[in-house]
Structure formats: C-alpha cells, structure tokens
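One letter stands for each residue in the lines below.
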Amino acid sequence: MGKLKIKQFATKEEQFKWLINNQDVLKAQRRSTPKEADSIMFVSYAINERGERLKAEDLEENPNTDNGVLRVKCVINTTNLFDSHCDVHFPGIWKKSLSESKQFFLCYEHNLSYKGIMSDVVKAYTQKIAWKDLGFNYEGETEALIFECEISQESLEDIGLEYMYKRYKNGKVYNHSVRMQYVKEYWCLNSEDPSATQYKENWDKWIDQVANKEDAIARGWFYAVTEAKVIEGSAVVRGSNFATPVYEIEEYTPKQEDTQAEDTSLDDNKNNEPSPDTQKSYYTSLI
C-alpha cells in the first residue's frame, strides 16, 4: 500500500477537520491494498568449525568456508515505532495470524511469485528485544516479528537473484518489509475539537507507548494497529520503518567432530556401509 494521500492545508486544525470527516474513506483505502511497509533488521551470525563467530570480513577472506547456505534471523517488524505510513504497531499484532498461517515466505521486493521467493524455509514468531540491543537509543523493548530463514545460493541462482546471496553474506541487505493486511486499528488524534473526543481518547491511551513519540507528536495523529495479517516478508532497499541495521550472518559449516567421526568410520573398514552417524543429513541435524 502506498502512503495515504493527505491533502495539504494551511493549518493543522484544517487538516485535522478534513481527516475527521474522511476517516471512513481513508480506512477503506488502507484496507483495499495490502501494506508493504516496515523495513526490518537483518539478524544472523557466522561461525567457524570451532563455533566461534565470524565477521563479514572474515567470510570474505575465507571464501572456501562457504557451502552455499546461509541461516538468517530477520526482524520483519518492530512494534511501538511511528513509521512513515503514520502507523504504530503494538504488541500482539501478529498473534492470531501466526497461529493460523502454516507457510511463510521471504521475498524479493514484495514479489510473491516463483521468481521472487528467496526462501520458503521460514520459521515465524515474535520475540521481545530491547531497543538498545537493536542499536537504538529508546527506552524499553519492542516485540519483533522474526523470520528465521535458510537462504540457498543455488536456489537464488535458479531465479536469477544470485547477487542477493552475496549481499546477505557481505552484510549489504539493509532493509526488509512486511506485506500485511489491517484487521484492527484505532485512529489517534491530538486535538481538542469536540467532534474528535473518541480519537483524542485513543491518542491519550497509546501515545506514551510510542518509542519515537516526538515524531508522532509532530505529526499530530497516527493509526494504532493492534491486529494484522502477515502475507510475506521481503528484502527491500528502503522500507517505512527506519530501525533496520544489518547485524550478523550464519553459515552452515560441518562441525570438525562430525568430519573426524566420518573419517574414523571409513578407516575402520569393518564393513562397506557407512555408520549411522554418517548417514544423517547435516541439515536435518540443524532443523
């Protein structure tokens, strides 16, 4: 969904009056097209065979450690933040959707097609994270919508997006976005207009829970979104939520002890069949 088309007025009071009189139209517009918004933080980490974390520059210096699969932990959405769509999502927004949906996709720029799905191996859940742990100087915490994904270089090559594997690996994916449908929302307006009593009550209820409330106060209104449906999450160049740093990347690399066990079983030569341990898929052990 694009941003709402709000008319320009000489004063805030005139704009507020227009907004009050057009709420039904504006809400219909918001529901008519899924919102493609709220860029996310990309979170994952890389490890070597000793279980030690690797930095992006370490991966570049050791290309032979790359077996073509990354595990990423993506923050698809953060609550309590006033975004560029004048929305503030609140904790619990995704609870019903996550309980009902069985399949999630990580897409390329909201292209929900076979040419745009970067990963269909996605585990979706919410997690409370301190703002400071995300690199932002806000008090308290946010409820983040998390996508844990496997990103395969081979799969991305099949759909012509092989460069996205390198961008993820090198920490060059800066934003993500959730495509969503509004279910429950409340318009909040900082106005003493007698016709806006209900909206002012909403404002007073929610404003102190907004992390960047100075931005909301400067605007004078926002939508408090308490329930929405997840459609997909995407990598985008820029989203509506600015809390979007790249953090870490994790590679799948065989553990050293697994390799040693396999060598021992081959040298033992008691039979021609590999040991049960060597028959197990490494990926299965990780899932």
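Residues numbered from 1 in each chain as written. Predicted model: local features only at pLDDT ≥ 70, side-chain atom pairs only at ≥ 80, totals over all residues. Heavy atoms only, no water.

The next subject is the overall build of the protein chain. Along its length, the protein chain carries eleven helices and 13 strands. Pairs at least 24 apart in sequence give 77% of the contacts found in the protein chain among residues at least 6 apart. If you sum the accessible surface of the protein chain, you get close to 15,600 Å²; carbon and sulfur atoms cover 47% of it. (Helix = DSSP H or I, 4+ residues; strand = E, 2+ residues; numbered from the N terminus. Contact = heavy atoms within 4.5 Å. Areas by Shrake-Rupley, 256 points an atom, 1.4 Å probe, with all protein chains shown as cover.)

Let us look at the pattern of salt bridges. One pass over the full model with this rule turns up ten salt bridges. Two residues, Arg 30 and Glu 185, come together in a salt bridge whose shortest N-O distance is 2.6 Å. Of the two residues, Arg 30 is situated in helix H2 (residues 23-32) and Glu 185 in strand E11 (residues 175-189); the sequence distance between them amounts to 155 residues. Each member of the pair, Arg 30 together with Glu 185, is buried. The salt bridge involving Glu 139 is made with Lys 132; its shortest N-O contact spans 3.4 Å. Judged by its relative accessible area of 69%, Glu 139 falls in the exposed class. Salt bridges here are not isolated pairs; linked through shared partners, they connect Arg 30, Asp 87 and Glu 185. (Salt bridge = Lys/Arg side-chain N within 4 Å of Asp/Glu carboxyl O. Buried < 20%, exposed > 50% of the residue type's maximum accessible area, 1.4 Å probe, protein only.)

The next point concerns unusual backbone geometry. Comment: phi is negative for the bulk of residues other than glycine, and the bulk of peptide bonds are trans. For Asn 80, which is not glycine, the phi torsion reads 65° and is therefore positive. As for its placement among the helices and strands, Asn 80 is situated in the loop between strand E5 (69-78) and strand E6 (87-89).

Ranked by size, the top nonpolar core spans 30 residues in total, and within it Trp 94, Phe 147 and Tyr 168 carry the most contacts. Of all the elements in the fold, those that place two or more residues in this core are E5, strand E9 (122-130), strand E10 (141-152), helix H6 (162-169), E11 and strand E12 (221-236). Residues Phe 90, Trp 203, Tyr 223 and Ala 224 belong to the second largest nonpolar core, which totals 23 residues. (Core = buried A, V, L, I, M, F, W, Y, C linked by side-chain atoms within 4.5 Å.)

Secondary-structure assignment places Asn 77 in strand E5. Polar contacts involving the side chain of Asn 77 include one to the side chain of His 89, which spans 3.0 Å. (Polar contact = N/O pair within 3.5 Å; in protein donor to acceptor, adjacent residues only side chain to side chain.)

Quick look at the pairing of E5 now. In summary, the side chains of a regular strand alternate between the two faces of the sheet. In terms of burial, E5 is largely enclosed, as eight of its ten residues are buried. Pairing analysis gives nine bridges linking E5 to E10, with the strands arranged antiparallel. By the bridge assignment for E10, Val 69 is matched with Ser 152. Pairing of E5 with strand E13 (residues 250-251), which is carried by two bridges, proceeds in the antiparallel orientation. The partner of Leu 70 across the bridge, within E13, is Glu 251. (Pairing = 2+ DSSP bridges.)

Before going further, it helps to examine a negative patch on the surface. Together, Glu 154, Glu 157, Asp 158 and Glu 162 make up a region of like negative charge exposed at the surface. By residue number, the principal contributor to the negative patch is helix H5 (residues 153-158), which donates three residues. If you trace the backbone, Glu 157 turns up in helix H5. Residue Glu 157 is classed as partly exposed on the basis of its relative accessible area of 43%. (Patch = residues over 30% accessible without salt bridge, like charges linked within 9 Å, V, L, I, M, F, W, Y side chains within 5 Å. Lys, Arg positive; Asp, Glu negative; His and termini not counted. Charge placed at Lys NZ, Arg CZ, Asp CG, Glu CD.)

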